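The primary structure of each chain is shown beneath.
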Amino acid sequence: MLGLGCLNLNRFSHFPSSPSLPPSGSDLLKVASRRFALSVAKTQQSPVTKTQSTSTALIEIDNPASVKRQLAQLFDLSLRATVPDESDVVPLVDACAVKGGVKFGDYQCNNAMGIWSKMKGMQTGFRGPPAIGQAIVNNLPPSEMIDSCSVAGPGFVNVVLSKKWIAQKIRNSVNLVSKSFYLFIYRAREFLLQSLHRMLIDGIDSWAPRLPVKRALIDFSSPNIAKEMHVGHLRSTIIGDTVARMLEFSHVECVIRRNHVGDWGTQFGMLIAYLFEKFPNPDDVSVADIGDLQAFYKASKLRFDSDPEFKLRAQQAVVRLQSGETMYRKAWKQICDVSRAEFDKVYQRLGVQLEEKGESFYNPYIPGVLEKLDNLGLVEESDGARVVFVEGVNIPLIVVKRDGGYNYFTTDLASLWYRLNEEKLEWIVYVTDIGQQQHFDMLFKAYRRAGWLPKDENAYPKCTHIGFGLVLGEDGKRFRSRSSEVVRLVDLLDEAKRRCKTAILERDTAKDWSEEEIENTTEAIGYGAVKYADLKINRLTNYTFNFDQMLNDKGNTAVYLQYAHARICSIIRKSGKDIEEIKRNGKVVLDHEDERALGLHLLQFPEVFEEACTNLLPNLLCEYLYNLAEIFSKKFYSNCQVVGSPEETSRLLLCEATAVVMRKCFYLLGIVPVYKL
């Protein structure tokens, strides 16, 4: 495909005229940012990208480090000049994809066809999308970030970025008083994007976007007391942890990791009755006596289902527990403590920290919340139960059962009220399996009907449910052991570590390692492999659990990524140079095409992260990280000698920048990086 027009933009120049009262750069930046935010949903479905679109509500993010946003702001100005009467046109800009082995630019603006569909038949002077595309190019403000633009096919505007701009920080040296206000973009936020070299000096946090939220809560993991964590809890735990890390990186001041454990309900009557049956003197019971909690639960369930007298005692135990009798409360606490000890084994291995507030915590708030809903006229009688109807759903929400008891939904009503009114949270994210989507949709609708959440789903405070698919075995069914038992998560993680340790001990390089180094490395690789195998899959889909695939050192695996990172660290060590001194005094040059490809991909980290955060899709970060490792290993490392070359300083800086970005991706995914292998 040949470009129909080309314009060199690698120089600054004056516009012929400027308004008498130009708006301030900051005001224009806000306008352009809002217009860009509105275009996010459209560009995500652009043919230029292959990313997934989801129903996640639009999140407006302040992300001055994004190359895509900078280009969108330039194209916004061009579109206003090209079609001044079409005020609702927003720039559709995205990174170019390789098509047929050819890449026609770094970024692409795809507005021409949409504009033509609106203006076709009007007396505009345009004869088709290519002419509109050329006009968009002609009206682009000059920019040092753009080397050239060309128009291809039905008006696609392909943009090639300047190598010099990618490599160095653009200084804030434009005098906006003497130039057109259209050049505001280069002044705003200290030229918006810090270059690779600037990032190395200021740190990668200088590339972090900023969410318009100060207090957020991620509700994830949430196992049930008296049941050990199994592989089904894996996805919620690691997806929730990654989402929390993403929000923290996005400058959310307070991110609460909430473990909403199931520590209340009728099952505790069964467990307490069985505990008292086995140990008539509860004061003598220890954690060791309870032993295998899973076996304890199964034994009590068997008694409950088969013995009517035991079932009656269990039901009475629930009443006595809920009335606060000391002996029953103590037994309940013992069972909870045993569970927590087991949960902690998993969380320690995964490096996940949570703050627990179980279902029991919200019990005192339930009557008050129901009274408020009743006063609003939302609670109705239905077949002996008390229910709430919500828009678009025929089945009502049961808030009080026929027997006067509460249920899972009642607790969620109370917990959400507490989070909004007591904890003053602005954004609450629930991470559960996709099968609970309707439950949370009805919960949020009930709150909107009560006026406790804004009618606009994108307004704050807001609630979001992000679902995930199942973990499957190789037979395509839910992942279980050979005996058809649910696989304990702690056993699964230990097996990953064991396999990694076996593989590492077979390597000659590990012969000189200390036992501590071997333990730390096998834990980082083993646990990281399990996490990455899950996170690299779009969370909305199921995935098949396979140790051999996730622990492979080739392909899109955490093991491959760890080797790539360790190789970079080895290159820097072998150079014998002080990397901190090089960062202060060195300079990045991108003369080789593979240097440029690596530099460009590094600069795209902020916009990829923004898309991952906007859609709450960690797999987009995984895809970026894998592509970064591929570009470094198969292009830059293969074709650009580092140590001992005339370009050693620049290439060491590229190595360091790659390692810094990889480590940030690892951190966001909850993976501990390895520095030697």
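By the naming in an unreviewed UniProt entry, the protein chain is arginine--tRNA ligase, taken from Cajanus cajan. Looking at the Catalytic activity (unreviewed entry) heading of the UniProt record, one finds this comment for the protein chain: "tRNA(Arg) + L-arginine + ATP = L-arginyl-tRNA(Arg) + AMP + diphosphate". Under the UniProt heading Sequence similarities (unreviewed entry), the note attached to the protein chain is "Belongs to the class-I aminoacyl-tRNA synthetase family."

*Asks:* Describe in detail the pattern of salt bridges, supporting the description with residues and values.
*Replies:* One pass over the full model with this rule turns up 46 salt bridges. Here Lys 583 and Glu 656 are joined by a salt bridge, their closest N and O atoms 3.9 Å apart. A residue pair is termed long-range when its members are at least 10 positions apart, and Lys 583 in helix H21 (residues 579-585) and Glu 656 in helix H25 (residues 648-668) qualify at 73 residues. Across the pair, exposure class does not vary: Lys 583 and Glu 656 are buried alike.

*Asks:* I'd like a rundown of the sheet that holds strand S8 (residues 355-356), residues and numbers included.
*Replies:* Across the sheet, which stays open at both edges, the 5 strands sit in the order S8-S7-S6-S12-S13 with parallel pairing between neighbours. Of all the strands in the sheet, just S8 and strand S13 (462-468) have a single pairing partner and so form its edges. Inspection of the sheet shows strand S12 (residues 427-433) paired to S13 by 7 bridges, in the parallel sense. In the strand pairing of S13, Asp 433 is matched with Phe 468. Lying over the sheet, helix H15 (residues 408-421) contacts strand S6 (215-219), strand S7 (254-259), S12 and S13, oriented at roughly 150° with respect to S12.

*Asks:* If you had to explain the nonpolar core to someone new, which residues and values would you point to?
*Replies:* Nonpolar side chains in soluble globular proteins generally cluster together in the buried interior. Core analysis: the largest hydrophobic core is formed by 161 residues, its most contacted members being Leu 71, Leu 161, Leu 492, Phe 605 and Val 661. By residue number, the principal contributor to this core is H25, which donates 12 residues. What Phe 605 contacts, discounting residues up to four positions off in sequence, is Ile 204, Trp 207, Phe 249, Leu 621, Tyr 624, Val 661, Lys 664, Cys 665 and Leu 668. Counting residues in each nonpolar core, the second largest holds 34 residues, with Leu 217, Leu 373, Met 442 and Phe 444 among its members.

*Asks:* Which residues make up the packing of aromatic side chains, and what are the values?
*Replies:* Overall, the coordinates contain 22 aromatic pairs when judged by the stated rule. Plain terms: the ring middles of Phe 361 and Tyr 365 are 6.2 Å apart, the flat faces sit at 35° to each other, and that makes the pair tilted. On the basis of relative accessible area, Tyr 365 is assigned to the partly exposed category, the value being 26%. Ring geometry for Tyr 430 versus Phe 440: centroids 4.7 Å apart, planes at 35°, classification tilted. With Tyr 430 in strand S12 and Phe 440 in helix H16 (residues 437-450), this pair connects stretches of sequence that are 10 residues apart. Across this residue pair, the class does not change: Tyr 430 and Phe 440 are buried. Chaining the aromatic ring pairs together yields one cluster made of Phe 361, Tyr 362, Tyr 365, Trp 417 and Tyr 418. The lysine or arginine in question, Arg 329, covers the ring of Trp 332, its NZ or CZ lying 5.6 Å from the ring centre.

*Asks:* Please set out helix H2 (residues 67-82) residue by residue, giving values where relevant.
*Replies:* The first and last C-alpha atoms of H2 sit 22 Å apart over 16 residues, in line with the 22 Å expected at 1.5 Å per residue. With respect to burial, H2 is a largely interior element, 14 of its 16 residues being buried. Two or three places before Lys 68, at the start of H2, stands the capping residue Ser 66, its side-chain oxygen 3.3 Å from that residue's backbone nitrogen.

*Asks:* Explain the pairing of strand S10 (residues 385-388) to me, using residue names and the numbers behind them.
*Replies:* Alignment of strand S9 (residues 379-382) against S10, held across 4 bridges, turns out to be antiparallel. Residue Val 379 lies in a different strand from S10, and its bridge partner there is Val 388. Sheet topology note: the S10/strand S11 (residues 397-400) ladder contains 3 bridges and is antiparallel. Note on S11: the bridge partner recorded for Val 388 is Leu 397.

*Asks:* Could you give an account of the environment of Cys 463, naming the residues involved and the relevant values?
*Replies:* In this structure, Cys 463 sits in strand S13. On the basis of relative accessibility, which here comes to 6%, the residue Cys 463 falls in the buried class. For the pair Cys 463 and Glu 426, spaced 37 residues apart in sequence, the C-alpha separation works out to 8.4 Å. Among all residues touching Cys 463, those that are not within four sequence positions of it are Leu 416, Ile 428, Phe 444 and Leu 453.

*Asks:* I'd like a description of the packing of helix H9 (residues 267-278) against helix H12 (residues 308-322), backed by residues and values.
*Replies:* At a closest axis distance of 7 Å, the pairing of H9 and H12 adopts a crossing angle of 110°. Classed by the angle they form, the pair H9 and H12 counts as roughly perpendicular. For the crossing formed where H9 meets H12, the hand is right-handed. Mapping the contact onto sequence places Phe 268, Gly 269, Met 270, Ile 272, Ala 273, Tyr 274 and Glu 277 in H9 and Phe 310, Arg 313, Ala 314, Ala 317, Val 318 and Leu 321 in H12. Split by residue class, the contact of H9 with H12 holds 10 nonpolar, 1 polar and 2 charged.

Basis of the calculations
Residues numbered from 1 in each chain as written. Predicted model: local features only at pLDDT ≥ 70, side-chain atom pairs only at ≥ 80, totals over all residues. Heavy atoms only, no water. UniProt positions renumbered as here; feature names shortened; annotations may be inferred. Salt bridge = Lys/Arg side-chain N within 4 Å of Asp/Glu carboxyl O. Helix = DSSP H or I, 4+ residues; strand = E, 2+ residues; numbered from the N terminus. Buried < 20%, exposed > 50% of the residue type's maximum accessible area, 1.4 Å probe, protein only. Pairing = 2+ DSSP bridges. Contact = heavy atoms within 4.5 Å. Axes fitted to C-alpha atoms, helices over the stretch in contact; angles between N-to-C directions. Core = buried A, V, L, I, M, F, W, Y, C linked by side-chain atoms within 4.5 Å. Phe/Tyr/Trp six-rings, centres within 6.5 Å; stacked < 30°, edge-to-face > 60°. Lys NZ or Arg CZ within 6 Å of the ring centre and 35° of its normal. Expected span 1.5 Å × (residues − 1). Polar contact = N/O pair within 3.5 Å; in protein donor to acceptor, adjacent residues only side chain to side chain. Parallel < 35°, antiparallel > 145°, perpendicular 65-115°, else oblique. Left-handed = near helix turned anticlockwise from the far one by under 90°. Nonpolar A, V, L, I, M, F, W, Y, C, P; charged D, E, K, R; others polar.

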